[in-house]
Amino acid sequence: MKEILLILLLQLIYVPIYTLRTIFLVKNLTSLASVLGIAEMLVYVFGLSLVFGGDQSILAMVVYAVGFGIGIIFGTKIEQKLAIGFINVTVNTQTKNAQLIDTLRDNGFGVTLYTGEGRDSNRYRMEILTKRNREQELIATVEKFEPKAFIISYEPRYFKGGFLLDRLKNR
């Protein structure tokens, strides 16, 4: 029974490491991904040796698979808590809400405002770059002032320069 619990524990360690390593690679954090890769392989090989060594029970294989599935959930939760990187949020409104713009800027968000022509009137688009761990704060602020705003959030792959980038790196 100890071996079965150890297999489960190893999967609950292995899969979150695997998840984070993959995310770090995508975000071009290769040194950190490399360190996690070493740890990942050590845990992986040890776990597989337990599953395929000895009597190779069906229970050990099922526990290995279940641990993998639960590990994915843990890995995702850890990554969401770390919230590594930046997001770009586009906010479209029907009015030029100066109070919203001032509040966002006062809270440290860089806002660039664009005016466009809609079918019936002008529309206003705000582009806001921020750290991922501030996304919910940003969206809550926008919804407080503009509950009908159209909001899109995405992760930029590359950006360079700009006044806000220096400020974000210094925080």
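In this report, the structure presented in the accompanying data block is examined. These numbers were taken from a predicted model, which means no experiment stands behind them.

Moving on, we get to helix 1 (residues 2–26). The terminal C-alpha atoms of helix 1 lie 36 Å apart, and with 25 residues this matches the ideal 36 Å at 1.5 Å per residue to within 8%. Every buried residue of helix 1 is accounted for by I4, I7, L10, Q11, Y14, V15, P16, I17, T19, L20, R21 and F24. The inward-facing, buried residues of helix 1 contact helix 2 (30–52) and helix 3 (58–82).

What follows is about the packing of helix 4 (residues 98–106) against helix 5 (residues 135–145). One can describe the packing of helix 4 onto helix 5 by two numbers: an axis separation of 9 Å at closest approach and a directional angle of 160 degrees. As judged from the angle between their axes, helix 4 and helix 5 are roughly antiparallel. The element helix 4 and its partner helix 5 pack so that their crossing is right-handed. Counted together, Q99, L100, T103 and L104 of helix 4 and L138, T141, V142 and F145 of helix 5 form the full contact between these two elements. Residues that form the contact of helix 4 with helix 5 fall into these classes: five nonpolar, three polar and no charged.

Any two side chains of opposite charge can pair, given that their charged atoms come close. In the structure shown here, the tally under the stated rule is six salt bridges. In this structure, the salt-bridge partner of E155 is K27, at a minimum N-O distance of 2.4 Å. Here E155 is found in the loop between strand 4 (150–154) and helix 6 (163–170), whereas its partner K27 is found in the loop between helix 1 and helix 2, with 128 residues between them in sequence. By relative accessible area, E155 is classed as partly exposed at 42%. Across the pair D120 and R119 runs a salt bridge, and its minimum N-O distance is 3.1 Å. The two residues D120 and R119 agree in class, both being exposed.

Moving on, we get to a nonpolar patch on the surface. A grouping of F52, I58, M61, V62, V66, I70, I73, F74, I78 and L82 is seen on the molecular surface, where their side chains present a nonpolar patch of about 880 Å² in accessible area. Ranked by residues supplied to the nonpolar patch, first place goes to helix 3 with nine residues. Position of M61 among the secondary structure elements: in helix 3. Its relative accessible area of 32% is what places M61 among the partly exposed residues.

A few words on the packing of aromatic side chains. Applying the stated criterion across every chain, the model contains two aromatic pairs. Look at Y14 and Y44: their rings are 5.2 Å apart centre to centre, the planes differ by 35 degrees, and that puts the pair in the tilted class. Placement of the pair is Y14 in helix 1 and Y44 in helix 2, with a sequence separation of 30 residues. On the basis of relative accessible area, Y44 is assigned to the partly exposed category, the value being 29%.

Definitions and limits used
Throughout this document, residue positions are counted from 1 along each chain, in the order its sequence is written. Reporting in this predicted model follows two pLDDT cut-offs: at least 70 for local features of residues, and 80 or more for side-chain atom pairs to be given and counted; totals over whole chains, interfaces and linings ignore these cut-offs and use all residues. Hydrogens and waters are ignored; side-chain quantities use all the structure's heavy atoms. By the criteria applied, helices consist of DSSP H or I runs no shorter than four residues and strands consist of E runs no shorter than two, each listed in order from the N terminus. Multiply 1.5 Å by the residue count of a helix minus one, and that product is the helix's expected span. The buried label applies to any residue whose accessible area, calculated with a 1.4 Å probe on protein chains only, is under 20% of its type's maximum; exposed applies above 50%, and partly exposed to all values in between. Here, residues are in contact when the closest pair of their heavy atoms is within 4.5 Å. Every axis corresponds to a line fitted to the C-alpha atoms, with the helix fit spanning only the stretch in contact, and the corresponding angles, defined between N-to-C directions, vary from 0 to 180 degrees. Each angle receives one of four descriptions, namely roughly parallel if under 35 degrees, roughly antiparallel if over 145, roughly perpendicular if within 65 to 115, and oblique otherwise. Should the near helix be turned anticlockwise from the far one by less than a right angle, the crossing is left-handed, and should it be turned clockwise, the crossing is right-handed. Classes in brief: Ala, Val, Leu, Ile, Met, Phe, Trp, Tyr, Cys and Pro nonpolar; Asp, Glu, Lys and Arg charged; the others, Gly included, polar. In the sections that follow, a salt bridge refers to a side-chain nitrogen of Lys or Arg positioned within 4 Å of a carboxyl oxygen of Asp or Glu. Patch membership requires over 30% relative accessible area and the absence of a salt bridge. Like charges are linked within 9 Å, and nonpolar side chains (Val, Leu, Ile, Met, Phe, Trp, Tyr) within 5 Å. Accessible surface is estimated by sampling points in the Shrake-Rupley manner with a 1.4 Å probe; for residues, cover comes only from the protein chains shown. Note on ring pairs: Phe, Tyr and Trp rings are taken, using the six-membered ring of Trp, and paired if centres are within 6.5 Å. Classes follow the plane angle, with under 30 degrees stacked, over 60 edge-to-face and the rest tilted.

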